[in-house]
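Examining the three-dimensional arrangement
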Amino acid sequence: MSNYVLPTKMKALRKIQNAPGAELVTIPIPRVASDDVLIKVEAASICGTDLHIMEWDSWSSNRVKAPITLGHEMAGTVVATGTNIDPTLIGEFVSCESHITCGSCSQCESQTPHMCPNTEIIGVDRDGCFAEYISVPEKVLWHTNRSKLNPKIAALQEAFGGAVRASLAHNPRGKTVAVLGCGPIGLFSIAILKAAGASKVIATDTNEYRLSLASEMGADSVFNPASDANCGNTVEWLHKASKHNIDIVVEMSGAPVSIKTAFKAVRQGGYVNLFGIPPRPVEIDIADDLIFKNITILALNGREIFDTWHKTRELLESGLVDLNPLISHTLPLDQATEAFDLLKNGKACKILIEPNNS
Ligand code: ZN
């Protein structure tokens, strides 16, 4: 690796204008700042956030500034180091925490950097990993054992970590848990809950392909609330499937109707973990669905840095959770726009891009 000669140019999937879409372009290799490392990207995964940025919804049009390279879930090899960084890191196999925190605010100083108000997100606020190379601060590296996790699984650690935190916020051992929403994060959650000893995991989603994956990941029973606009049938199914005893609901969809379902389905004194992000404010019956039920609500975002990553490593390296069934496609970078179309049409789960394998 020490003899590795860096090229001067690379391919990258970039949003060129503040508008929907992105283009595959050739740009210079990123400059490596003094506290950064340069990673040769071996695998990068597409997240729902990337889809929002691609489609240029109201959140992304307010937050993201073109031109920018998309992508924040990755694994690869360190090929160069900044002047302040130990050059023996060259050759290390790594993944990355996508949230780059400031290190000096009260949250960072209190060891809760996942709540740093100055967080910069890779692929949202600075150039991302849908490229042959990416430069990131050394402090976000997560050293990964290549003999235990291949690049594709290693690239999923960041997204998987979100599900680890949301699913294990209350100990699920021996509990009945409902997972609402079986996108990749919900599917991760099902596997995590089973691995952590939940006695029963039941799941809902409006997409039959995702429900079949939910069963494959270990869900004991699944339900499609497709035509249930006011959540009555779904709550009835959840009550029946759990014998009116859902201890924990993990809400992963963000759909307003699903959030209402969560509060109506959980048992008296149960727990609701909210992780899916609703597109608009949601009306909740606070008296009947929260106070009179004595429930505990946790609202969670991101991973605890790096506590969650340690749990993630344990679940994946031990083989307790196998994410391979969720990798629906592996594509080269020049097919990235097709990958986004597959996701948009609900015909894919996790798509891995291999930027250096075209
Ligand atoms: Zn901070």
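A brief look at the structure comes next. All values reported here derive from a predicted model rather than from experimental measurement.

What follows covers the coordination of the zinc ion. Each pair of donors in an ideal four-coordinate tetrahedral metal site encloses 109.5 degrees, whereas pairs in an ideal six-coordinate octahedral site enclose 90 or 180 degrees. Ligation of the zinc ion by protein atoms is provided by Cys102 (SG), Cys105 (SG), Cys108 (SG) and Cys116 (SG), these donors lying 2.3 to 2.4 Å from the ion. Each of the four donor atoms bound to the zinc ion contributes to angles spanning 105 to 117 degrees, and the resulting shape is tetrahedral. Sequence positions of the residues that donate to the zinc ion give the spacing C-x2-C-x2-C-x7-C. In this pair, Cys102 sits in the loop between β7 (99–100) and α3 (106–109) while Cys116 sits in the loop between α3 and β8 (120–121), placing the two residues 14 residues apart along the sequence. Residue classification places Cys102 among the partly exposed residues on the basis of a relative accessible area of 29%.

On to unusual backbone geometry. A cis geometry characterises the amide bond from Ala66 onward to Pro67, with omega recorded as 0 degrees. Relative to the helices and strands, Pro67 resides in the loop between α2 (58–63) and β4 (68–69). Here Ile305 and Phe306 are connected by a cis peptide whose omega angle stands at 0 degrees. Even without glycine at this site, Lys243 takes up a positive phi of about 55 degrees. Secondary-structure assignment places Lys243 in the loop between α8 (232–242) and β14 (248–251). Even without a glycine there, the phi angle at His244 is positive, about 60 degrees.

Before going further, it helps to spend a moment on the sheet that holds strand β1 (residues 9–15). An order of β2-β1-β4 is seen for the three strands of this open sheet, with the pairing classed as antiparallel. With partners counted over all chains shown, the strands left at the sheet margins are β2 (23–28) and β4, one partner each. Relative to β2, β1 runs antiparallel, the two sharing six bridges. Bridged to Lys9 within β2 is Pro28.

About the thresholds
Residues numbered from 1 in each chain as written. Predicted model: local features only at pLDDT ≥ 70, side-chain atom pairs only at ≥ 80, totals over all residues. Heavy atoms only, no water. Donors = N, O, S within 2.8 Å, 3.2 Å for Na, K, Ca; no water. Tetrahedral: all angles 85-135°; square planar, octahedral: opposite > 155°, others 65-115°. Helix = DSSP H or I, 4+ residues; strand = E, 2+ residues; numbered from the N terminus. Buried < 20%, exposed > 50% of the residue type's maximum accessible area, 1.4 Å probe, protein only. Pairing = 2+ DSSP bridges.

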